[in-house]
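# Architecture at a glance
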Amino acid sequence: AAGELWSSREGGLWKARKRLERKPVVIARTKGSEILFGIAPCSLALSQSRRDLFRLFLKQSSGSRRFVMSEFVLQATARGVPVHYVNRKELDALCRGQVHQGVCLEATPLQFKSLEEAEKPDLRDEESLNQQLIWLVLEQIQDPMNLGALLRSAYFLGVDRVVTSQRNSCPLTPTVSKASSGAMEVLDVYSTNDLQSFLKAKAAEGWEVLGTVCKPEDAENIPVISCSEFRWNKPVIIVIGSEGDGLSLETQLLCHRMLAIPPGRALHPGIESLNVSVATGILLHSICSQKLRQGD
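I will try to describe carefully the structure that is included in this document. Keep in mind it's a predicted model, so treat the numbers as computed, not measured.

So, how was this worked out
Residues numbered from 1 in each chain as written. Predicted model: local features only at pLDDT ≥ 70, side-chain atom pairs only at ≥ 80, totals over all residues. Heavy atoms only, no water. Pairing = 2+ DSSP bridges. Helix = DSSP H or I, 4+ residues; strand = E, 2+ residues; numbered from the N terminus. Axes fitted to C-alpha atoms, helices over the stretch in contact; angles between N-to-C directions. Contact = heavy atoms within 4.5 Å. Core = buried A, V, L, I, M, F, W, Y, C linked by side-chain atoms within 4.5 Å. Buried < 20%, exposed > 50% of the residue type's maximum accessible area, 1.4 Å probe, protein only. Polar contact = N/O pair within 3.5 Å; in protein donor to acceptor, adjacent residues only side chain to side chain. Arc of directions from axis to C-beta. Salt bridge = Lys/Arg side-chain N within 4 Å of Asp/Glu carboxyl O. Phe/Tyr/Trp six-rings, centres within 6.5 Å; stacked < 30°, edge-to-face > 60°. Lys NZ or Arg CZ within 6 Å of the ring centre and 35° of its normal.

Reading across the sheet, the four strands line up as S1-S4-S2-S3 and stay open at both edges, with mixed pairing between neighbours. Strand pairing shows two members of the sheet lacking a second neighbour, strand S1 (34-37) and strand S3 (83-86), which therefore form its edges. Each adjacent strand pair in this sheet contributes to an overall mean axis angle of 25°, direction not counted. For S1 and strand S4 (residues 103-107), the ladder comprises four bridges, and the chain directions are antiparallel. Looking at S4, one finds that Phe37 is bridged to Cys104. Sheet contacts for helix H2 (residues 39-48): S1, strand S2 (53-59) and S4; angle to S4, the most-contacted strand, approximately 40°.

All right, on to the side chain of Thr212 then. Mapped onto the elements, Thr212 comes out in strand S9 (residues 208-212). Every residue in contact with Thr212, bar those within four places of it in the chain, is listed here: Ile238, Val239, Ile240, Gly241, Leu247, Met258, Leu259 and Leu283.

Turning our attention to the nonpolar core. Formed by 31 residues in total, the largest nonpolar core has its most connected members in Leu136, Leu151, Val162 and Ile238. Looking at this core, the elements with two or more residues in it are strand S6 (134-138), helix H6 (144-157), strand S11 (236-240) and helix H10 (276-295). Ignoring anything within four residues of it in the chain, the contact list for Val162 reads Leu136, Leu138, Leu151, Ala154, Leu187, Asp188, Val189 and Tyr190. Within the second largest apolar cluster, 21 residues are counted, among which are Tyr190, Ala219, Ile222 and Met258.

As a further point, take the environment of Ser289. With respect to the helices and strands, the residue Ser289 is situated in helix H10. Classification of Ser289 as buried rests on a relative accessible area of 14%. On a C-alpha basis, the gap between Ser289 and Gly158 in space is 9.8 Å, while along the polypeptide they are 131 residues apart. Here the side chain of Ser289 touches His285 through a polar contact of 2.9 Å, landing on its backbone oxygen.

Moving on, we come to helix H8 (residues 195-204). Where H8 is concerned, the buried positions are Leu195, Phe198, Leu199 and Lys202. Buried residues in H8, looked at end-on, bunch into an arc of 95°, giving them a common side. In this structure, H8 carries Lys200 and Ala204 as exposed residues pointing more than 90 degrees from its buried face. Turning to H8, the residues buried within the fold contact S6, strand S7 (161-165), strand S8 (189-192), S9, S11 and helix H9 (249-252). Gly206 sits one or two positions beyond H8 and adopts a positive phi of about 105°.

Let us look at the sheet that holds S7. With parallel pairing, eight strands are arranged side by side in an open sheet as S5-S8-S7-S6-S11-S9-S12-S10. The open sheet has two free edges, formed respectively by strand S5 (113-114) and strand S10 (224-226), since each of these has just one partner strand. Alignment of S9 against S11, held across three bridges, turns out to be parallel. Its bridge partner lying in S11, Val209 is registered against Ile237.

This next bit is on the pattern of salt bridges. Per the counting criterion, the structure on display carries eight salt bridges. Arg88 is paired through a salt bridge with Asp92; the nearest N and O atoms lie 2.8 Å apart. Of this pair, Arg88 and Asp92 both sit in helix H4 (residues 88-94), separated by four residues, roughly a single helical turn. The class of Arg88 is partly exposed, set by a relative accessible area of 47%. For Asp92, a relative accessible area of 23% corresponds to the partly exposed category. Asp188 is the salt-bridge partner of Lys113, the closest N and O atoms lying 3.6 Å from each other. Taken together, the positions of Lys113 in strand S5 and Asp188 in the loop between helix H7 (174-179) and S8 put the pair 75 residues apart, joining distant regions of the chain. Given a relative accessible area of 27%, Asp188 falls into the partly exposed group. Sharing partners across several salt bridges, the network here consists of Glu34, Arg51 and Glu185.

Once that is clear, we can look at the environment of Ser47. Position of Ser47 among the secondary structure elements: in helix H2. At 3.4 Å, the side chain of Ser47 forms a polar contact with the side chain of Gln48.

All right, on to the packing of aromatic side chains then. What the rule picks out here adds up to two aromatic pairs. Here the aromatic rings of Trp135 and Phe198 are separated by 6.2 Å at their centres, their planes lie at 5°, and the arrangement is stacked. A residue pair is termed long-range when its members are at least 10 positions apart, and Trp135 in strand S6 and Phe198 in helix H8 qualify at 63 residues. A ring pair is formed by Trp135 and Trp207, whose centres lie 4.7 Å apart and whose planes are at 50°; its orientation type is tilted. Of this pair, Trp135 sits in strand S6 while Trp207 sits in the loop between H8 and S9, placing them 72 residues apart in sequence. Here Trp135 and Trp207 have matching classes, each one buried. Through successive ring pairs, a cluster of aromatic residues spans Trp135, Phe198 and Trp207. Above the ring of Tyr190, the side-chain terminus of Arg161 is found at 5.0 Å from the ring centroid.

Listed below in structure tokens is the structure:
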């Protein structure tokens, strides 16, 4: 009987300990703040001074990661940001189980910039009309992983400006920053609540508006060319549509031409398209590589 009682108590203690282990760790947050996570987003947020920064949370590390963490301490000290050493579970709780790489940063959110804040290139004379400017316009991109990947490609390939529609679009969240490998922390992203009027105005200024389409037959009586056939001789806007529906009809009708990516083989039904961020990377490289060649 005594053995059964001891076993019962031991079992109860084990269950209680497990309940405590499962209990989420709660760290009080500053009102209006969000938690950035991951080495690249946190490092770039510390270096760029675009956010108000409250606290840096680090996991005690050894080996090669120890040097990375010491660099974070130097960055935070230079900015006057308090550093807190916490365990993995506390970091997991802070970023709700995302891949934090041992680093979280409490900061104010980044907001889209309004187009009124943007410097306008002067395209009035013929010489400036030949400038190789490229803007990426995003219509209703809702997935944060896709938005992050789009921003990373835009930054890497030299896009001059990114503009997104306000309606049904993903905000600039920590998940977007992580998916962009921190590009969101250095790249200004603009927003407009009237995408069609914006495109009309740019076309009137002499820009070429390029839409994107998966299959040529999906275009609404608009010329479709392969991205490899496009020749860049004036400022261009490339417009990317939502993950599921592509460009809206209203936006398609404002495009001068539509770009398509020719497949490398006959495709099975159901796998006839690319992920939106992958397709955008291919299209941007096809255009931006012309800038590199002409600059040589």
